[in-house]
Amino acid sequence: MTELDCRGLPCPAPVLALAKAARGRPDGTELAVVADDPAARVDVPAWCRMRGHRFLGEDRAADGVARYRVALGA
Amino acid sequence: MTGPGDLGAPPSDGPPAPSGPPSAAPPPPWTDLDAASARPLHPAARAALLAAYEQGYADPRRLHHGGRQARRLLDDAREVLAGSLGVRPDEVTFTGSGTEAVHRGLLGLARGRRRAGTVLAHSAVEHSAVLHATDWAVRDLGCSARPVAVDASGRLDLDALREALAPGDVAALALQSANHEVGTTQPVAAAAELAGLAGQVPLLVDACASVGWQPLPAGWGVAAASAHKWGGPAGVGVLLVRKGVRWRDPYPADDRSDLRASGFEDVPGAVAAAAALRAVVSEAEQTGARLHRLVDRVRREVAARVPDVDVVGDPDDRLPHLLTFSCLYVDGEALVTELDRAGFGVGSGSACTASTHEPSHVLAAMGALTHGNVRLSLHPGTPEHEVERFLDVLPGVVARLRAEVGM
């Protein structure tokens, strides 16, 4: 799974990083973004809903920062 | 003078000239589409305000001629306001703002109902005035907070409310009449019925977003409103305390004519607020119907013309003049700035570059996209062609901002 590092970046950076990483990748690809921006908790699932991806859930990176996992395509 | 400008229309004649070379091109016209933040003083209020500054400056508690005159103006204002809201005059208290009315209203219920319960329940999408008053009560009065979930349109979940009321420890429930960010109307009467069944729990209804547009919903025990949102002056709020509701003043007492108020009464402000409300209520049905249709159109057109946009809030059961949408990949403040440059004043619930970095708790509670957010709120006199111009300009502005970040 590709993990994107958006520590310290404000919104909409985490969603932007996901959208760019999703380009050219096939459905079913799993991506994760690590972000301390509190908006990401709402915006990553909202991005999935709007773009037809699947939100897999939130866990934590090794340093405790929130990590959001998604699967491309429905 | 009559004309669209007299219906509380925003300025549409351009901002103050920027300082620059005299040969600079004139700025585009600027149209205020942020009526939910503030409306210009209604002409009826302006006339009343000036007259009351002449005749109503004295202390309304004094028994001399000037005092009696001020007292009469204040009593008249209270009566006119009560008539426009459909309440009793002795239920009306003038405050320094809508925020103060919310604070006094909620904390007064917490105090009056201390023996019945210590929990302050509130919908997850209340105005920050409710959240701050609740925080204060948690810190200083030993209360606890119980947020109640909303659905994706921002409407209170009545099943969640039933659950929140079940333990029987709720002192008061705060529920707005309509949401200030997304416009969704709340089921106040249904919530009041549930709260009544659960041990006569009173409702604090924050009606700041709706007064002047919609009648006060049935079921309030205490309610709050704000004059500058209906075309009255800023610095005038209204607290309503229904007869028989257990409410105790949470602040130090004062010796004014109204025991729920403190400080020297702003008689001219009260007079102007009442005159404005009477005027806008008489126009509300007609202007509301026009703006409701216009907002319907904007909701459809924004969704059709801008890709990757989340148009949020209830499409029908809502405030007539307000809509909110969020654009993927766009910084909300950049969007507000670019739209201002294009000649439109709009609000935003995004906080991408704000110091807090906290997204709008309203959008978050709804699961709506929080970045790239724009709140449009029309004035009674907003011309249709300016809304058309907005719809023409918006797609290009969003596309440009997306291109800047590689989208």
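Keep in mind it's a predicted model, so treat the numbers as computed, not measured. (Residues numbered from 1 in each chain as written. Chains lettered and ligands numbered in written order. Predicted model: local features only at pLDDT ≥ 70, side-chain atom pairs only at ≥ 80, totals over all residues. Heavy atoms only, no water.)

What follows covers the overall build of chain B. The secondary structure content of chain B amounts to ten helices and twelve strands. Projected onto the principal axes, the alpha-carbon positions of chain B cover approximately 60 × 55 × 40 Å. Looking at chain B as a whole, 54% of its 407 residues are labelled buried. Counted over contacts in chain B with a minimum sequence separation of 6, partners at least 24 positions apart contribute 73%. Surface accessibility of chain B: about 16,800 Å² in total, with carbon and sulfur atoms responsible for 55%. Here chain B holds 38 positive side-chain charges and 48 negative ones, and the gap between their average locations is 7 Å. (Helix = DSSP H or I, 4+ residues; strand = E, 2+ residues; numbered from the N terminus. Buried < 20%, exposed > 50% of the residue type's maximum accessible area, 1.4 Å probe, protein only. Contact = heavy atoms within 4.5 Å. Areas by Shrake-Rupley, 256 points an atom, 1.4 Å probe, with all protein chains shown as cover. Lys, Arg positive; Asp, Glu negative; His and termini not counted. Charge placed at Lys NZ, Arg CZ, Asp CG, Glu CD.)

All names here are of chain B. Within chain B, residue pLDDT values average 92, and 92% of them lie at 70 or more. Note that residues 1-8 has pLDDT below 50 and, in this model, eleven contacts with residues that lie over four places away or in other chains. Scored below 50 in pLDDT, residues 14-20 makes six contacts in the model with residues more than four places away or belonging to other chains. (pLDDT = per-residue confidence, 0-100.)

What follows is about the domain arrangement of chain B. Residue and element names in this part refer to chain B. Here chain B is partitioned into domain 1 (7-15 + 27-41 + 283-404) and domain 2 (43-278). Computed from C-alpha coordinates alone, the two centres of domain 1 and domain 2 are separated by 27 Å. Counting the surface lost from both domain 1 and domain 2, the interface buries some 2,500 Å², and carbon and sulfur atoms represent 57% of this. The largest contributions to the domain 1 side of the interface with domain 2 come from Arg39, Leu41 and Leu319, which together make up 30% of the buried area. There are two salt bridges connecting domain 1 and domain 2. In this structure, Asp314 and Arg155 form a salt bridge, with 2.9 Å as the shortest nitrogen-oxygen distance. Summed over the shared surface of domain 1 and domain 2, the number is 15 residue pairs in polar contact (both at pLDDT 80 or more). Those elements giving two or more residues to the side of domain 1 that touches domain 2 turn out to be helix H7 (267-305), strand S10 (322-327) and helix H9 (361-366). (Domains from an automatic or database assignment. Buried area = accessible area lost by both parts, 1.4 Å probe. Salt bridge = Lys/Arg side-chain N within 4 Å of Asp/Glu carboxyl O. Polar contact = N/O pair within 3.5 Å; in protein donor to acceptor, adjacent residues only side chain to side chain.)

With that settled, consider the sheet that holds strand S7 (residues 222-226) of chain B. Residues and elements named next belong to chain B. Ordered by their spatial adjacency, seven strands build an open sheet running S2-S8-S7-S6-S5-S3-S4, and the pairing between neighbours is mixed. Strands with a single pairing partner mark the edges of an open sheet, and in this sheet they are strand S2 (92-95) and strand S4 (144-148). Strand-to-strand, the axes of this sheet are offset by a mean angle of 20°, without reference to chain direction. Strand direction decides the pairing type here: strand S3 (residues 119-123) and S4, joined by five bridges, are parallel. When the bridges of S4 are listed, Leu120 appears paired with Ala145. Along the sheet face, helix H3 (residues 98-112) touches S2, S3, strand S5 (170-174), strand S6 (203-206), S7 and strand S8 (237-241) and points at about 170° away from the line of S7. (Pairing = 2+ DSSP bridges. Axes fitted to C-alpha atoms, helices over the stretch in contact; angles between N-to-C directions.)

Further remarks concern the interface of chain A and chain B. Contacts between chain A and chain B engage 18 residues on the former and 22 residues on the latter. Of the roughly 1,600 Å² buried where chain A meets chain B, counting both sides, 65% is carbon and sulfur surface. Looking at the side of chain A facing chain B, the largest losses of area belong to Pro12, Val42 and Met50 of chain A, adding up to 29% of the total buried there. Asp308 of chain B is paired through a salt bridge with Arg51 of chain A; the nearest N and O atoms lie 2.7 Å apart. Where chain A packs against chain B, one counts eight residue pairs in polar contact (both at pLDDT 80 or more). Secondary-structure elements contributing two or more residues to the side of chain A that touches chain B are helix H1 (13-22) and helix H2 (40-51) of chain A. The greatest single-element share of the side of chain A that touches chain B, amounting to seven residues, is contributed by H2 of chain A. Among the residues forming the side of chain A that touches chain B, the class breakdown is twelve nonpolar, no polar and six charged. (Nonpolar A, V, L, I, M, F, W, Y, C, P; charged D, E, K, R; others polar.)

Right, let's get into the packing of aromatic side chains. All names here are of chain B. As enumerated under the stated definition, the model contains two aromatic pairs over all chains in all. A ring pair is formed by Trp136 and Tyr251, whose centres lie 6.5 Å apart and whose planes are at 70°; its orientation type is edge-to-face. With a gap of 115 residues between them, Trp136 in helix H4 (residues 128-140) and Tyr251 in the loop between S8 and H7 connect regions that are remote in the sequence. Its relative accessible area of 31% is what places Trp136 among the partly exposed residues. Judged by relative accessible area, which is 27%, Tyr251 ranks as partly exposed. The interplanar angle of 85° and the centroid separation of 5.3 Å between the aromatic rings of Phe344 and Phe390 together place this pair among those described as edge-to-face. Of this pair, Phe344 sits in strand S11 (residues 344-345) while Phe390 sits in helix H10 (residues 384-404), and the two are 46 residues apart along the sequence. Grouping residues by exposure puts Phe344 and Phe390 together as buried. (Phe/Tyr/Trp six-rings, centres within 6.5 Å; stacked < 30°, edge-to-face > 60°.)

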